[in-house]
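# Commentary on secondary and tertiary structure
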Amino acid sequence: MFRTIVCFLAIFLIFTVSGCGPKGKGLKVEYVDGTVTMDGEPVAEASVIFVPATDTPPMETATGMTNEKGVFTLTSPNGNPQAGAVAGEYKVLISKIIAKSLTEGKEYGTSTGYAVPYTQTHLLPAVYRDPKNTPLTATVKKGKNKGMDFELKSEP
């Protein structure tokens, strides 16, 4: 439960920081799915973030979460939900965090207004979550973009 709240807040923050796109019917986005593995094994419950490689509009950040098989589908905040990402070039960030509450036995809802003290442990190498140094890139083309697979190394 706590990890779900932290993941939700992280994705919400990314959408907020990335800004809002044009008003109206939204941006044209393309379907994107793929798989994340590390050393040949699926990475479950990882956050996958496509960050525009350029500032040329109408680009925006797209995100997804991997399932137990490491499969993700991207969602764009200003396009059709679950549809994917705007066509273009991206840097790809992948992270997986375990958060542990410092106040055992107490759970706070997202609307309580109280800060939840916690510690977090990153389970993937730092380079994959660093927008300046990530080796991962992607090109989203018009149409369906299936099988955008990312093979991570535990020692990149």
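Residues numbered from 1 in each chain as written. Predicted model: local features only at pLDDT ≥ 70, side-chain atom pairs only at ≥ 80, totals over all residues. Heavy atoms only, no water.

Here we take up the pattern of salt bridges. Under the criterion given, the structure shown has three salt bridges. The partner of Lys146 in a salt bridge is Asp33, with the nearest N and O atoms 3.6 Å apart. Of the two residues, Lys146 is situated in the loop between strand E9 (137-140) and strand E10 (150-152) and Asp33 in strand E1 (residues 33-38); the sequence distance between them amounts to 113 residues. With a relative accessible area of 56%, Lys146 lands in the exposed category. Residue classification places Asp33 among the buried positions, given a relative accessible area of 12%. (Salt bridge = Lys/Arg side-chain N within 4 Å of Asp/Glu carboxyl O. Helix = DSSP H or I, 4+ residues; strand = E, 2+ residues; numbered from the N terminus. Buried < 20%, exposed > 50% of the residue type's maximum accessible area, 1.4 Å probe, protein only.)

Inspection of the secondary structure assignment puts Asn133 in the loop between strand E8 (118-122) and E9. At 2.7 Å, the side chain of Asn133 forms a polar contact with the side chain of Asp130. (Polar contact = N/O pair within 3.5 Å; in protein donor to acceptor, adjacent residues only side chain to side chain.)

So, about the nonpolar core. Grouped burial of nonpolar side chains is what soluble globular proteins tend to show. Of all hydrophobic cores here, the largest spans 26 residues; its most connected members are Phe50, Ile94 and Phe150. Broken down by secondary-structure element, the contributors of at least two residues to this core are E1, strand E3 (47-52), strand E6 (88-95), E9 and E10. Of the residues forming this core, the biggest block, three residues, is contributed by E6. (Core = buried A, V, L, I, M, F, W, Y, C linked by side-chain atoms within 4.5 Å.)

Right, let's get into the sheet that holds E6. Pairing in this open sheet of four strands is antiparallel, and the strands run E4-E3-E6-E9 from one edge to the other. Where the open sheet ends on each side, the last strands, each with one partner, are strand E4 (62-65) and E9. Looking at each pair of strands side by side, their axes are set apart by 30° on average, direction ignored. In this structure, E3 lies alongside E6, joined through six bridges in antiparallel fashion. In the strand pairing of E6, Val51 is matched with Lys91. (Pairing = 2+ DSSP bridges. Axes fitted to C-alpha atoms, helices over the stretch in contact; angles between N-to-C directions.)

Below, the discussion takes up the packing of aromatic side chains. Under the counting rule described, the total for this entry stands at four aromatic pairs. Taken together, a centroid distance of 6.4 Å and an interplanar angle of 55° make the contact between Phe50 and Phe72 tilted. Note that Phe50 is positioned in strand E3 and Phe72 in strand E5 (residues 71-73), a separation of 22 residues in sequence. Under the relative-accessibility criterion, Phe50 is labelled buried at 0%. (Phe/Tyr/Trp six-rings, centres within 6.5 Å; stacked < 30°, edge-to-face > 60°.)

Should the pLDDT be low somewhere, the predicted coordinates at that spot are not to be read in detail. Per-residue pLDDT for the protein chain has a mean of 81; in total, 71% of the residues score no lower than 70. Here residues 4-9 scores under 50 on pLDDT; set against residues more than four positions off or in separate chains, the count is four contacts. Every residue in residues 15-24 is under pLDDT 50, and counting partners more than four places away or in other chains gives nine contacts. (pLDDT = per-residue confidence, 0-100. Contact = heavy atoms within 4.5 Å.)

In this structure, Asp39 takes a positive phi of about 55° despite not being glycine. Mapped onto the elements of the fold, Asp39 is located in the loop between E1 and strand E2 (41-42). Positive phi outside glycine occurs at Glu45, with the angle close to 55°. Mapped onto the elements of the fold, Glu45 is located in the loop between E2 and E3. Taking relative accessible area as the criterion, Glu45 reaches 40% and is therefore assigned partly exposed.

Before going further, it helps to examine the pairing of E3. A regular strand places its side chains so that they alternate between the two faces of the sheet. Most of E3 sits out of view: five of its six residues are buried. Across four bridges, the pairing between E3 and E4 is antiparallel. Note that in E4 the partner of Phe50 across the bridge is Ala62.

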